[in-house]
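Each chain is listed here by its residues.
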Amino acid sequence: MLKFVGKRLLIAIPTFIGITILVYVLSSLAPGTPLEMIFSDPHATAEQMEVLRQRYGLDQPVVVQYFNWLKQLLSGNLGISYRTGNLVWVDIAERVGPTLLLTFSSLTFSLLVALPLGIISAYRPYSIWDYISSALSFVGAAMPNFFAGLVFVYLFSVKLNIFPSGGMYDSSGTRSLGMLLHHLILPMLVLSIQQVGSLIRQTRGSMLEVQQEDYIRTARSKGLFESVILFRHALQNAFIPIVTRIGLMIPFLFGGAVVTEQIFAWPGLGSLMVLAINSRDYPVIMGITVFIAAAVLVGNIVIDLIYCLLDPKIRYE
Amino acid sequence: MEPLLDVRNLKVEFKIDKKWVAAVEDVHFQLKAGETLTIVGESGCGKSVTAMSMLRLLPKTTAQISADEILFQGRDISKLSDTEMTKIRGQGIGMIFQDSMTSLNPVKTVGKQLDEAFLVHGSVDPAEVKQASINLLREVGISSPEQRYKEYPHQLSGGMRQRVMIAMALAQQPAIIIADEPTTALDVTIQAQILELLKKLQEKSGSAIILITHDMGVVAEMADRIIVMYAGMFVECSPTKDLFTNPLHPYTRGLLTAIPRKDMDIDRLNVIEGTVPTLTDMPKGCRFYDRCESRMERCKNELPPLYTRGESSVRCFLFDAKDGE
C-alpha cells in the first residue's frame, strides 16, 4: 500500500511541474504587464517604471522568470503579491477556507442527490423516479454554471427573496453558522448542478450494467433478497466506474468555483484568481495554481486509494 | 411414488423488437429423487433458459415465464410470490453456472461468498459459519481451504473456481442441483475431476441433478435419463441406455452419428445438414423438418405431439401409428 502511494506521488511530480509551466507561459502571453495594470500612474516616469521592472525581474526572458519562480517555490516561498504587497501565501490562506467550504459542500451535496437517484432509476427503470432523475440529469448537464447562477439569483434572490444574492455573511456585522449556511445554499447548488447531472447518468448506467452480471444471478440463485444483493454485491462493483467520475469532478469543482464565486461575491480563491488575472499579478496567479494543482493531484491519489479498497485486482497488482 | 419435480407445459418468451417470441415451449418433464437427468441440445436450443426459468433467474423486463404447473415437492412453485421464491432458491433448488470467472463476484472473497450461502436462510449459526465453509471447501477437493477462504476469485484457477461454485450450490443441501454446463469452460482432465466430484457428492447427499450440456461424452458418463432439445422444444426423452442403443427421433439419431468414434475408420465426420430455425421465424410444423432425413408431408404444417413408447417419449409422426399399440 505504501509503495502504491509512493509511486503515485512520484508520478504526480512531473504532472505538477507541467501544470506550472503551462500556466506561467499562458499568463505571460496575456497582453499587458503587471506594471501597466497595477502601477498605471500617469505621472510615473519611464525611469521609475524601469526601476520597478528590474525589481520584479520582469526585464528578464519568460524562461528565466519561470526558473526564478520555481527556485523560489522550492525554498517554500510563493513570493509577494504585486497588487497588495502581501506575501502570496498570506493572501491565499485568507481565501482557502471559503473555497474549500464551497467545493466540499457541493461535492457532498452532489453525491447525496445523484447516487440515490441514479440507483433508484436503475432499479425502477421507466418509473416516476427514473423520469425525474433523467430530466434532472439532462437539464443539469446542459446548464453552464454562469447561466444557472444568474437564473438562481433572479429567481431566489430577486423574485422570491428567500436567499441572499452574494457574500458569506450579511452586512450587519454579526456572524453565525445559520447565516453562513443561508448564504452558502445558492452558490453550492449552482456549483453542484452540472456534477449532479453527469453523476446521475454514470450511476444509473453502471448500476444497470452490474445488474446484468452473472454474479448477480449467482447471488439470486443462493436465495438472497434483492436488497441484500444490491448492498452486498451490486454496489461495490458499480462504484468502481462511479468513483472514476467523482475523480473527474474534482478539477471541475475548482474550475467551477472560480465562476461561481465571482457571481456570488464569495470571498474564496476563485474570486482572488479573477482579481489576480485582471491585474496580471503573476505571483498570486501562480500561487493559486500551485494550490489548486496540488489539491487536484491529492484528490486523484485519494481516488486511486479508493479504487484499491473497492477492487482487489488493483490491490494485488 | 410422487416425483420430486413435475414440470407441466412450461413456456418462456423473450421480448425481441417489442414482440414476445417463445424461446422454449411445451416443456413437460418429471424428476425423481436422487436421479440425474440431463438436457442436451446445441447452443441456443433453450437448455439453459429452461433451467433458469424454473428458478426465475431470467431478467423480468425481457423474459416472460408461464406454466400450467411446476410442482416441487408437491408444491406449485410457478404460482409463488417473488419473496417466497427466494426460499426455494438455494435451499430447495441450487444452481451451478457455466462460467465460474464471471459467476463469482470479483470483489468478494471466496469465503465471504460461501458464508453467505450458509447464512442466507439461517441454516448455520453465524459463529460457526467460517468453519462450515472451510469444511465444505475441503469436501469439494480444494487444498489448503483456510488459505483459499481468504482469497479472491481471480486468484483461483478455473477448476478451483468451479469447485467453489459447486460448494456454494451444495451449502444449503438442496433437493435438486441444476448444473448448467458445469464443465464447458474447463479443460478435459479437470472436466473429468469435476464430474467425478459431482457424482460423489450426489451419492452422499442424495440430491437429484439436472445437468445441462451439449457434450454427449458427459451425458453418457452422468445421466440416468436424457432429454434432447431442439429449437426450444423437447424432441425426445429416454433412459440413457435406450437413447444410445435405440435413438427414436431422427434428430437424436443424427446427433449420435455425429459423434466421432475411434473404433471406426472414417474420413469425414457425419453432420446434420442445414441450420436451426431462428426464434422469430419458427416453422409451423415440425421444427426439424428442413433438416430431417425421414420427413413426411404432414410434418411440414403440423407440429407433432409427444408420443409415449415404453419408458421414452418422442415428438415425431413416425411414431404416430405405433402409439398405443
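Keep in mind that this is a model prediction, so the values were computed, not measured. (Residues numbered from 1 in each chain as written. Chains lettered and ligands numbered in written order. Predicted model: local features only at pLDDT ≥ 70, side-chain atom pairs only at ≥ 80, totals over all residues. Heavy atoms only, no water.)

With that out of the way, let us pick up the nonpolar core. Membership of the largest hydrophobic core comes to 78 residues, with the highest contact counts inside it found for Leu5, Phe29, Met54, Ile166, Ile176, Ile178 and Ile210 of chain B. By residue number, the principal contributor to this core is helix 7 (residues 158-170) of chain B, which donates eight residues. Dropping the residues within four chain positions of it, Ile176 of chain B is found in contact with Leu4, Leu5, Leu31, Phe72, Gly92, Ile93, Gly94, Ala208 and Ile210 of chain B. Grouped together as the second largest cluster of nonpolar side chains are 28 residues, Leu180, Leu191, Ile200 and Val243 of chain A included. (Core = buried A, V, L, I, M, F, W, Y, C linked by side-chain atoms within 4.5 Å. Buried < 20%, exposed > 50% of the residue type's maximum accessible area, 1.4 Å probe, protein only. Helix = DSSP H or I, 4+ residues; strand = E, 2+ residues; numbered from the N terminus. Contact = heavy atoms within 4.5 Å.)

Moving on, we get to the sheet that holds strand 11 (residues 233-239) of chain B. Residues and elements named next belong to chain B. As summarised here, the arrangement of the eight strands in space is 7-8-9-3-10-11-13-12, forming an open sheet in which the pairing is mixed. Of all strands in the sheet, those with a lone pairing partner are strand 7 (93-96) and strand 12 (307-309), marking the two edges. Averaged over all pairs of adjacent strands, the angle between strand axes in this sheet comes to 20°, irrespective of strand direction. Taken strand by strand, helix 1 (residues 47-54) contacts strand 3 (36-40), strand 7, strand 8 (176-180), strand 9 (208-213) and strand 10 (225-230), and its axis lies near 145° from that of strand 9. (Pairing = 2+ DSSP bridges. Axes fitted to C-alpha atoms, helices over the stretch in contact; angles between N-to-C directions.)

So, on to the pairing of strand 3 of chain B. Regular strands place side chains that alternate from one sheet face to the opposite one. Residue and element names in this part refer to chain B. For strand 3, the buried fraction is high: five of the five residues fall into the buried class. Across five bridges, strand 3 lies against strand 9 in parallel orientation. Paired with Thr38 across the bridge in strand 9 is Leu211. Where strand 3 meets strand 10, four bridges bridge the pair, whose relative direction is parallel. For Val40, the partnering residue across the bridge sits in strand 10 and is Val228.

What follows deals with helix 7 of chain B. Under the 1.5 Å per step criterion, the end-to-end length of helix 7 of chain B is 18 Å for 13 residues, consistent within 8% with the ideal 18 Å. A large share of helix 7 of chain B lies buried, amounting to 12 of its 13 residues. (Expected span 1.5 Å × (residues − 1).)

Let us look at the domain arrangement of chain A. Frequently, the measure chosen for interface size is the accessible area removed from exposure when the parts meet. Residue and element names in this part refer to chain A. With domains assigned, chain A is organised as domain 1 (2-74) and domain 2 (95-315). The C-alpha-based centres of domain 1 and domain 2 are spaced at 32 Å. At the boundary of domain 1 with domain 2, total buried surface from both sides reaches about 1700 Å², with 81% on carbon and sulfur atoms. Summed over the shared surface of domain 1 and domain 2, the number is one salt bridge. For the pair domain 1 and domain 2, the number of links is one residue pair in polar contact (both at pLDDT 80 or more). Counting residues per element, the ones that place at least two in the side of domain 1 that touches domain 2 are helix 1 (2-29), helix 2 (34-38) and helix 4 (62-74). When residues in the side of domain 1 that touches domain 2 are grouped by element, the largest group, 13 residues, is from helix 1. Across the side of domain 1 that touches domain 2, the residue classes break down as 16 nonpolar, six polar and one charged. (Domains from an automatic or database assignment. Buried area = accessible area lost by both parts, 1.4 Å probe. Salt bridge = Lys/Arg side-chain N within 4 Å of Asp/Glu carboxyl O. Polar contact = N/O pair within 3.5 Å; in protein donor to acceptor, adjacent residues only side chain to side chain. Nonpolar A, V, L, I, M, F, W, Y, C, P; charged D, E, K, R; others polar.)

What follows deals with the interface of chain A and chain B. Listed as interface residues are 21 residues of chain A and, on the opposing side, 27 residues of chain B. Buried area between chain A and chain B, summed over both chains or domains, comes out near 2300 Å², and the portion from carbon and sulfur atoms is 58%. It is Arg217, Ser221 and Lys222 of chain A in chain A that bury the most area against chain B; as a group they hold 28% of the surface buried on that side. Applying the counting criterion to the chain A and chain B interface returns two salt bridges. As a salt-bridge pair, Glu116 of chain B and Arg232 of chain A come within 2.9 Å of each other at their nearest N and O atoms. When residues of the side of chain A that touches chain B are traced back to their parent elements, those giving at least two are helix 9 (214-221), helix 10 (226-263) and helix 13 (312-315) of chain A. Among the elements that line the side of chain A that touches chain B, the one with the most residues is helix 9 of chain A, at six residues.

Moving on, we get to the state of the cysteines. By the definition in use, this model includes zero disulfides over all chains. Cysteine Cys45 of chain B shares no disulfide, and the gap to the nearest cysteine sulfur, in Cys237 of chain B, comes to 14 Å. (Disulfide = S-S within 2.5 Å.)

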